[in-house]
Amino acid sequence: MTTLLVRNTSMLVTMDEGRREIAQGGLFVRDGFIEQVGPTESLPDEADKILDLRGHIVLPGMVNTHHHFYQTLTRAVTAAQNANLFNWLKTLYPIWARMTPEDIAISTQTALAELVLSGCTTASDHLYLFPNGSRLDDEILAALEVGVRLHASRGSMSLGESQGGLPPDSVVDTEDVILADSVRLIERYHNPNPGAMTQIVLAPCSPFSVTTELMRQSAKIARQYGVHLHTHLAETQDEEAFCRQMFGHRPVAYMESVDWVGPDVWFAHSVHINQEEIAVFAHTGCGVAHCPSSNMRLASGIAPLWEYLRAGVKVGLGVDGSASNDGSHLLAEARQAMLLARLRAGLMGASLSSEDAPPLLTARQSLELATRGGAAVLGRTDIGSLEVGKCADFTAINLNRLGYAGALHDPVAAVMFCAPQAVDWSVIGGRVIVENGELLTVDVPHLVERHNRAAARLLQAE
Ligand SMILES: [Zn+2]
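Worth saying up front: this structure is predicted, and the values here are computed from it rather than measured. (Residues numbered from 1 in each chain as written. Predicted model: local features only at pLDDT ≥ 70, side-chain atom pairs only at ≥ 80, totals over all residues. Heavy atoms only, no water.)

*Asks:* Got a minute to help me understand the overall build of the chain in this structure?
*Replies:* Counting its regular elements, the chain contains 14 helices and 19 strands. For the chain, the C-alpha radius of gyration of 21 Å lies close to 23 Å, the compact-globule estimate for 462 residues. C-alpha extents for the chain along the principal axes are approximately 65 × 55 × 45 Å. Looking at the chain residue by residue over its 462 residues, the buried ones come to 60%. Within the chain, residue pairs in contact and separated by at least 24 positions form 75% of the contacts whose partners lie at least 6 positions apart. Taken as a whole, the chain presents about 17000 Å² of accessible surface, with 51% of it coming from carbon and sulfur. (Helix = DSSP H or I, 4+ residues; strand = E, 2+ residues; numbered from the N terminus. Rg over C-alpha atoms; globule rule 2.2 N^0.38 Å. Buried < 20%, exposed > 50% of the residue type's maximum accessible area, 1.4 Å probe, protein only. Contact = heavy atoms within 4.5 Å. Areas by Shrake-Rupley, 256 points an atom, 1.4 Å probe, with all protein chains shown as cover.)

*Asks:* Whenever I open this one, the pattern of salt bridges confuses me. Can you help?
*Replies:* Pairing between side chains of opposite charge can happen when the charged atoms of each approach one another. Inspection of the entire model under this criterion finds 26 salt bridges. We note a salt bridge from Glu 35 to Arg 30, for which the minimum N-O separation is 2.7 Å. In this structure Glu 35 comes out as partly exposed when scored by relative accessible area, which is 32%. On the basis of relative accessibility, which here comes to 29%, the residue Arg 30 falls in the partly exposed class. One salt bridge in this structure joins Arg 223 and Asp 259, with 3.4 Å as the shortest N-O distance. Linking Arg 223 in helix H5 (residues 212–225) with Asp 259 in the loop between helix H7 (251–257) and strand S13 (265–269), this pair joins segments that are 36 residues apart in sequence. Here the salt bridges do not stand alone but share partners, grouping Arg 135, Asp 137, Arg 154, Asp 181 and Arg 184 into one network. (Salt bridge = Lys/Arg side-chain N within 4 Å of Asp/Glu carboxyl O.)

*Asks:* I would appreciate a short explanation of the sheet that holds strand S19 (residues 438–439) in the present structure.
*Replies:* Two orientations exist for strands paired in a sheet by backbone hydrogen bonds: parallel and antiparallel. If you trace the seven strands from one edge of the open sheet to the other, you get S3-S2-S7-S16-S17-S18-S19, paired in mixed fashion. Lying at the two open borders of the sheet, with one neighbouring strand each, are strand S3 (21–23) and S19. In this structure, strand S2 (residues 11–13) lies alongside S3, joined through three bridges in antiparallel fashion. Counterpart to Val 13 in the pairing with S3 is Glu 21. The strands touched by helix H2 (residues 101–117) within the sheet are strand S17 (425–428), strand S18 (431–435) and S19, with S18 carrying the most contacts at an inclination of about 85°. (Pairing = 2+ DSSP bridges. Axes fitted to C-alpha atoms, helices over the stretch in contact; angles between N-to-C directions.)

*Asks:* Even after reading the chapter, I still don't get the layout of surface pockets, so can you show me in this structure?
*Replies:* Regions of empty space are outlined by a rolling probe, equal in size to a water molecule, passed over the atoms. The calculated volume of the largest pocket comes to roughly 370 Å³. In this structure, the largest pocket is lined by 21 residues; those nearest its centre are Val 315, Glu 368, Arg 372, Gly 373 and Ala 376. Looking at the lining of the largest pocket, the elements with two or more residues in it are helix H10 (305–311), strand S15 (314–317) and helix H12 (363–378). Per-element accounting of the lining of the largest pocket gives the leading share, seven residues, to H12. Of the residues in the lining of the largest pocket, the class split is eight nonpolar, seven polar and six charged. (1 Å grid on protein atoms, 1.4 Å probe; cavity = no way out; pocket = protein on both sides within 12 Å on 5 of 7 lines; lining within 4 Å. Points joined across faces, edges and corners; volume = space filled by probe spheres on them. Nonpolar A, V, L, I, M, F, W, Y, C, P; charged D, E, K, R; others polar.)

*Asks:* In this structure, what is going on with the sheet that holds strand S4 (residues 25–30)? I would like to understand it.
*Replies:* The strand order across the open sheet built from four strands is S5-S4-S1-S6, with neighbouring strands paired in mixed fashion. Where the open sheet ends on each side, the last strands, each with one partner, are strand S5 (33–39) and strand S6 (49–52). For this sheet, the mean angle separating the axes of adjacent strands, direction not counted, is 15°. The pairing of strand S1 (residues 3–7) with S4 spans four bridges and is antiparallel. Looking at the pairing, Leu 5 lines up with Phe 28 of S4.

*Asks:* Just to check I follow, could you spell out the coordination of the zinc ion for this structure?
*Replies:* Reference geometry at the metal: tetrahedral coordination by four donors gives ideal angles of 109.5 degrees; octahedral coordination by six donors gives 90 or 180 degrees. Protein coordination of the zinc ion is provided by His 66 (NE2), His 68 (NE2), His 232 (NE2) and Asp 320 (OD), with donor distances spanning 2.1 to 2.5 Å. Relative to the metal, the four donor atoms surrounding the zinc ion lie at angles of 85 to 173°, and the coordination shape comes out irregular. For the zinc ion, all donor residues lie on one chain, and their spacing in sequence is H-x1-H-x163-H-x87-D. With His 232 in strand S12 (residues 228–233) and Asp 320 in the loop between S15 and helix H11 (330–349), this residue pair connects regions lying 88 residues apart in the sequence. The burial state of His 232 is the same as that of Asp 320; both residues are buried. (Donors = N, O, S within 2.8 Å, 3.2 Å for Na, K, Ca; no water. Tetrahedral: all angles 85-135°; square planar, octahedral: opposite > 155°, others 65-115°.)

*Asks:* Looking at this structure, how should I read the packing of H2 against helix H14 (residues 444–460)?
*Replies:* Packed helix pairs are characterised by how far apart their axes lie and by the angle those axes make with each other. Two elements in contact, H2 and H14, have axes whose closest approach is 10 Å; the angle formed by their N-to-C orientations is 130°. Classified by the angle their axes make, H2 and H14 are oblique. In this structure, the crossing between H2 and H14 has a hand that is left-handed. From H2, Glu 102, Asp 103, Ile 106, Ser 107, Gln 109, Thr 110 and Ala 113 reach across to H14, where they touch Leu 447, Arg 450, His 451, Ala 454, Arg 457 and Leu 458. The residue inventory of the contact of H2 with H14, partitioned by class, reads five nonpolar, four polar and four charged. (Parallel < 35°, antiparallel > 145°, perpendicular 65-115°, else oblique. Left-handed = near helix turned anticlockwise from the far one by under 90°.)

*Asks:* For this particular structure, what's the right way to read H5?
*Replies:* A turn of α-helix holds 3.6 residues, and therefore any two residues three or four places apart point the same way. The terminal C-alpha atoms of H5, which comprises 14 residues, lie 21 Å apart, in line with the 20 Å expected from a rise of 1.5 Å per residue. Those residues of H5 not exposed but buried are Leu 214, Met 215, Ser 218, Ala 219, Ile 221 and Ala 222. Of the residues trailing H5, Gly 226 is marked for its positive phi of about 70°. (Expected span 1.5 Å × (residues − 1).)

*Asks:* What am I meant to see in the side chain of Thr 108 here?
*Replies:* Tracing the backbone through its elements, the reader meets Thr 108 in helix H2. Within the structure, Thr 108 has its side chain in polar contact with the backbone oxygen of Ile 104 (distance 2.7 Å). (Polar contact = N/O pair within 3.5 Å; in protein donor to acceptor, adjacent residues only side chain to side chain.)

*Asks:* What am I meant to see in the packing of helix H3 (residues 136–146) against helix H4 (residues 175–189) here?
*Replies:* Here H3 crosses H4 at 25°, and the two axes come no closer than 11 Å. Considering their axes alone, H3 and H4 lie roughly parallel with respect to each other. For the element pair H3 and H4, the recorded crossing hand is right-handed. Contact residues: H3 offers Leu 136, Asp 137, Ile 140 and Leu 141, while H4 offers Arg 184, Leu 185, Arg 188 and Tyr 189.

*Asks:* Could you clarify how one ought to interpret a nonpolar patch on the surface in this entry?
*Replies:* A cluster of nonpolar residues, Ile 302, Leu 343 and Leu 347, forms a patch on the protein surface that exposes about 270 Å² of accessible area. Within the secondary structure, Ile 302 sits in the loop between helix H9 (292–297) and H10. (Patch = residues over 30% accessible without salt bridge, like charges linked within 9 Å, V, L, I, M, F, W, Y side chains within 5 Å.)

*Asks:* Sorry if this is basic, but what is going on with the side chain of Ser 300 here?
*Replies:* By secondary structure assignment, the location of Ser 300 is in the loop between H9 and H10. On the basis of relative accessible area, Ser 300 is assigned to the buried category, the value being 7%. Once residues lying within four places of it in the same chain are set aside, the contact partners of Ser 300 are Glu 235, Thr 236, Val 271, His 272 and Asn 295.

Right, dumping it as structure tokens:
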């Protein structure tokens with residue numbers, strides 16, 4: 001048994017039921033789980049390891065609910081810089097088709113290094129291309145080395161151009177191959193227990209790249225094994241037009257028709273959603289991965305975040321793939337969510353009476369989306385807040401820095417309103433991953449060198 005004591009923090013933000021923020025707060029951890037939370041004087045004096053975090057704010061580890069790690073290899077590609085979703089995808093599919101298993105591993109570590117330094121301790125990833133012998137295993141094993149909790153989504157594409165889909169036939173697979181691999185991955189890696197480092201999710205890519213039969217069969221397997229389902233939904237108006245034409249439904253009705261609604265389903269984006277569809281999400285328990293930077297970058301639209309929260313829909317945040325953001329900074333995404341929600345409130349307020357206009361999303365509400373919200377979306381009850389019995393997943397940021405100067409009267413607001421910073425400490429399951437700003441599990445300069453070499457090779461053939 002090993003114990004860890006955190007003490008003397010400037011502020012410990014619990015995100016518990018009462019949303020307690022404890023001045024001079026601390027934690028006592030045993031074997032990766034929190035045993036005590038409270039003011040430092042209420043905690044034991046001794047532990048195997050002691051972190052004295054005076055001058056730091058401690059936050060629950062943030063949860064990223066949507067990403068494509070491999071896209072860190074194709075950030076800011078010239079031909080895709082100024083494209084909307086469908087053209088952006090058509091430009092990038094052939095480049096992605098050149099990836100190797102090593103590229104998957106490298107890009108996984110790059111994305112996770114960036115995420116963990118931005119405050120993320122649990123990440124969901126959606127890998128839906130497996131070229132040149134690549135497997136989801138390449139990502140899972142690379143992630144274990146970094147030490148971040150991973151919800152690895154077995155993505156898939158089965159509807160190629162020749163069948164009326166968007167992706168070229170060269171990057172799609174048959175339903176049989178996809179389903180057999182899904183079962184193999186669940187049986188090999190999925191851990192349903194508290195404290196799990198790896199969970200598997202089934203995630204056919206999007207309505208315009210997947211056959212109806214694959215959607216149905218994936219749902220069946222997911223329910224048989226008790227794993228979650230994830231896909232892109234209602235991201236753009238092009239997708240809505242595609243669904244109406246191809247399936248005779250709007251995107252949400254199409255999901256209902258293939259048994260893709262329920263508390264075990266979450267959708268990325270969900271920008272173009274009407275009031276009845278929000279009610280479907282609330283009533284059935286579907287979650288939403290809100291990705292404001294990606295939606296802005298690709299000019300997709302603004303998701304109805306306020307309506308989701310008002311209706312009681314579970315919402316988490318996603319940085320989305322690093323080719324449509326182009327960063328994996330989760331704290332920056334939480335700030336972006338707050339700012340975009342405010343812009344939308346202002347735009348709506350101009351045409352509504354003041355009682356009907358949405359209130360401005362607060363710093364604490366946005367932090368809640370990134371922590372408790374993300375945990376709920378992924379179906380985790382063991383993360384998302386700092387409470388007795390939960391995983392010891394937390395980060396700490398030194399408040400005495402240039403970027404926060406003048407904002408120390410409210411450290412939570414400082415973190416959310418001021419320019420996004422990197423964390424100084426990250427602890428995941430009681431294990432120190434970042435110490436004084438240094439990522440202990442990855443040689444970052446070496447990783448960047450390998451990553452840049454891989455990215456240059458992918459683009460070279462263009
Ligand atoms: Zn995405």
